[in-house]
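Given next are the chains, with one letter for each unit.
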Amino acid sequence: MPAASVQFGQYPPARRTLLHISDTHLLAGNRRLGGRFDTAANLRRALEAAEASGIRPDAIVFTGDLTDLGEPEAYAALREAVAPVAARLDAPVVWVAGNHDERPALRRELLDLEPTEEPVTGVWDLGGLRLVALDSTVPGWHHGDLDPAQLAWLREVLSTPAPLGTILALHHPPLPSHVPLFDILELRDQGRLAEVIAGTDVRAILAGHLHYSTSGTFAGVPVSVAAATCYTMNLARPAVDVNGMDAGQSFHLVHVYDDTITHAVVPVVDAPTGDYFSAEWVERMSRLTPEERLEAFSRKPR
């Protein structure tokens with residue numbers, strides 16, 4: 001009995017589920033990033049962990065910096081790594097461009113499109129949940145921006161509400177960071193995006209870029225930033241000394257309910273865990289009445 005099909009509390013199962021992954025930073029020939037980080041192996045571990053979680057997502061969303069240098073071979077390796085997992089999960093893959101990506105190679109190798117400098121954008125209807133991919137990259141630069149044409153396109157997309165609302169996905173988060181380096185590389189002119197989404201059905205914004213998990217609100221909309229699979233920022237250090245470490249990698253499970261959306265951070269770790277809870281335990285609880293469940297599991301020992 002899948003746990004998601006059982007309702008023990010006030011909320012019914014999520015209407016839609018997304019797997020949110022970010023900042024894979026693959027290099028051609030599986031070279032180590034910075035001479036230290038095995039980005040391909042770290043991605044493989046993240047994908048294995050995601051699949052082992054039992055999630056059956058409505059989409060797999062990669063929020064940018066798919067490669068580190070925009071090399072065609074790196075995009076091909078990324079596609080080769082992700083495609084079998086997506087096929088087994090029967091989920092479409094949404095590729096979002098990041099500042100380390102190059103639009104022509106991304107478009108050709110991942111999207112089978114002409115290798116142009118056109119922004120990498122798209123709209124997916126996930127059974128009534130609308131997912132919109134934006135391209136916050138600025139060719140030749142690492143900071144982010146959304147040009148007037150893309151904002152006009154977004155305004156048109158959002159002019160008609162979707163049955164389950166809209167989620168935006170982009171690389172540069174419209175949030176402050178306490179780490180100084182990200183202030184230079186932030187999404188610029190954020191007020192223009194705020195004007196476009198004001199009064200629309202946008203329910204959440206997914207992003208990456210920071211290499212650490214964080215959340216906040218932008219123009220009243222919750223923003224969730226997924227940490228990287230390649231390496232993460234060691235926030236245990238003073239902000240001026242924050243640098244990358246080969247630890248803390250994670251991905252997010254995004255559950256869309258009628259009245260809220262949750263973003264669960266899933267660490268990619270190899271650690272022993274307990275074995276008390278199981279599918280058998282859930283099945284056993286499902287046979288009890290709500291009152292019996294409270295008595296069996298909620299009441300403290302006398």
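These numbers come from a predicted model, not from an experiment.

J.: Can you lay out the pairing of strand β5 (residues 129-133) for me, pointing to particular residues and giving the numbers?
T.: Counting buried residues along β5, five of its five residues qualify, which places the element largely inside the surrounding structure. Burial along β5 is two-sided: Leu-129, Leu-131 and Ala-133 facing one way and Arg-130 and Val-132 facing the other are all buried. If you look at the hairpin formed by strand β4 (residues 122-126) and β5, you'll find two residues sitting between the two strands, and Gly-127 has a positive phi there, around 60°. Here β5 pairs with strand β6 (residues 166-169) via four bridges, running parallel. Residue Arg-130 lies in a different strand from β6, and its bridge partner there is Thr-166. Note on the crossover from β5 through helix α4 (residues 148-158) to β6: the handedness is right-handed.

J.: Account for the nonpolar core, with residues named and values stated.
T.: Counting 34 residues, the largest nonpolar core has Leu-154, Leu-168, Leu-193, Ile-197 and Ile-205 as the members making the most contacts within it. Sorting the residues of this core by element identifies α4, α6 (190-197), β7 (202-207) and β9 (221-225) as the ones contributing at least two each. If you look at the next biggest cluster of nonpolar residues, it comprises 28 residues, including Leu-47, Leu-66, Leu-78 and Val-85.

J.: Lay out the pattern of salt bridges with the relevant residues and their values.
T.: For the structure on display, the rule yields twelve salt bridges. When the shortest N-O distance is used, the salt bridge between Asp-145 and Arg-192 registers 2.8 Å. One end of the pair, Asp-145, is in the loop between β5 and α4; the other, Arg-192, is in helix α6, with 47 residues separating them in the sequence. A relative accessible area of 26% places Arg-192 in the partly exposed class.

J.: Residue-level account of the environment of Asp-135, with values.
T.: For Asp-135, the position within the fold is in the loop between β5 and α4. Sequence-distant contacts of Asp-135, that is, excluding residues within four places in its chain, are made with Ala-97, Arg-103, Pro-119, Val-120, Thr-121, Asp-145, Leu-146 and Gln-150.

J.: Just give me the short version of the side chain of Thr-63, but keep the residues and values in it.
T.: With respect to the helices and strands, Thr-63 occurs in strand β2 (residues 59-63). Residue Thr-63 is classed as buried on the basis of its relative accessible area of 0%. Side-chain polar atoms of Thr-63 contact the side chain of His-20, separated by 2.9 Å. For Thr-63, the contacting residues outside a window of four places in its chain are His-20, Ile-21, Ser-22, Asp-23, Val-96, Ala-169, Leu-170, His-171, Leu-206, Ala-207 and Gly-208.

J.: Report on the pairing of strand β12 (residues 250-256), specifying residues and quantitative values.
T.: Taken across its seven residues, β12 has six buried, putting it largely inside the fold. Sheet analysis places strand β1 (residues 16-21) next to β12, joined by five bridges and oriented antiparallel. Within β12, the position partnered with Arg-16 by the bridge is Val-256. Looking at chain direction, β12 and strand β13 (residues 261-267) are connected through seven bridges and run antiparallel. Looking across to β13, one finds that Leu-253 is bridged to Ala-264. Taking the residues between adjacent antiparallel strands as the criterion, β12 and β13 are bridged by four residues.

J.: Hey, could you go over a nonpolar patch on the surface for me, with residue numbers and the actual values?
T.: Where nonpolar side chains cluster on the molecular surface, the patch consists of Tyr-276, Phe-277 and Phe-297 and spans about 390 Å² of accessible area. Along the chain, Phe-277 falls in the loop between β13 and α7 (279-286).

J.: Can you tell me about the sheet that holds strand β3 (residues 93-96), naming the residues and giving the values?
T.: Think of a sheet as strands paired side by side through backbone hydrogen bonds, with each pair either parallel or antiparallel. Pairing in this open sheet of five strands is mixed, and the strands run β3-β2-β1-β12-β13 from one edge to the other. Strands at the two margins of the open sheet, each flanked by one partner only, are β3 and β13. Along the sheet, successive strands turn relative to each other by an average axial angle of 20°, direction set aside. Here helix α1 (residues 39-52) sits on the sheet in contact with β1, β2 and β12, set at roughly 35° to β12. Contacts from helix α2 (residues 72-89) reach β2 and β3 within the one sheet, and its direction differs from that of β3 by about 145°.

So, how was this worked out
Residues numbered from 1 in each chain as written. Predicted model: local features only at pLDDT ≥ 70, side-chain atom pairs only at ≥ 80, totals over all residues. Heavy atoms only, no water. Buried < 20%, exposed > 50% of the residue type's maximum accessible area, 1.4 Å probe, protein only. Helix = DSSP H or I, 4+ residues; strand = E, 2+ residues; numbered from the N terminus. Pairing = 2+ DSSP bridges. Right-handed = clockwise from strand over helix to strand, strands pointing away. Core = buried A, V, L, I, M, F, W, Y, C linked by side-chain atoms within 4.5 Å. Salt bridge = Lys/Arg side-chain N within 4 Å of Asp/Glu carboxyl O. Contact = heavy atoms within 4.5 Å. Polar contact = N/O pair within 3.5 Å; in protein donor to acceptor, adjacent residues only side chain to side chain. Patch = residues over 30% accessible without salt bridge, like charges linked within 9 Å, V, L, I, M, F, W, Y side chains within 5 Å. Areas by Shrake-Rupley, 256 points an atom, 1.4 Å probe, with all protein chains shown as cover. Axes fitted to C-alpha atoms, helices over the stretch in contact; angles between N-to-C directions.

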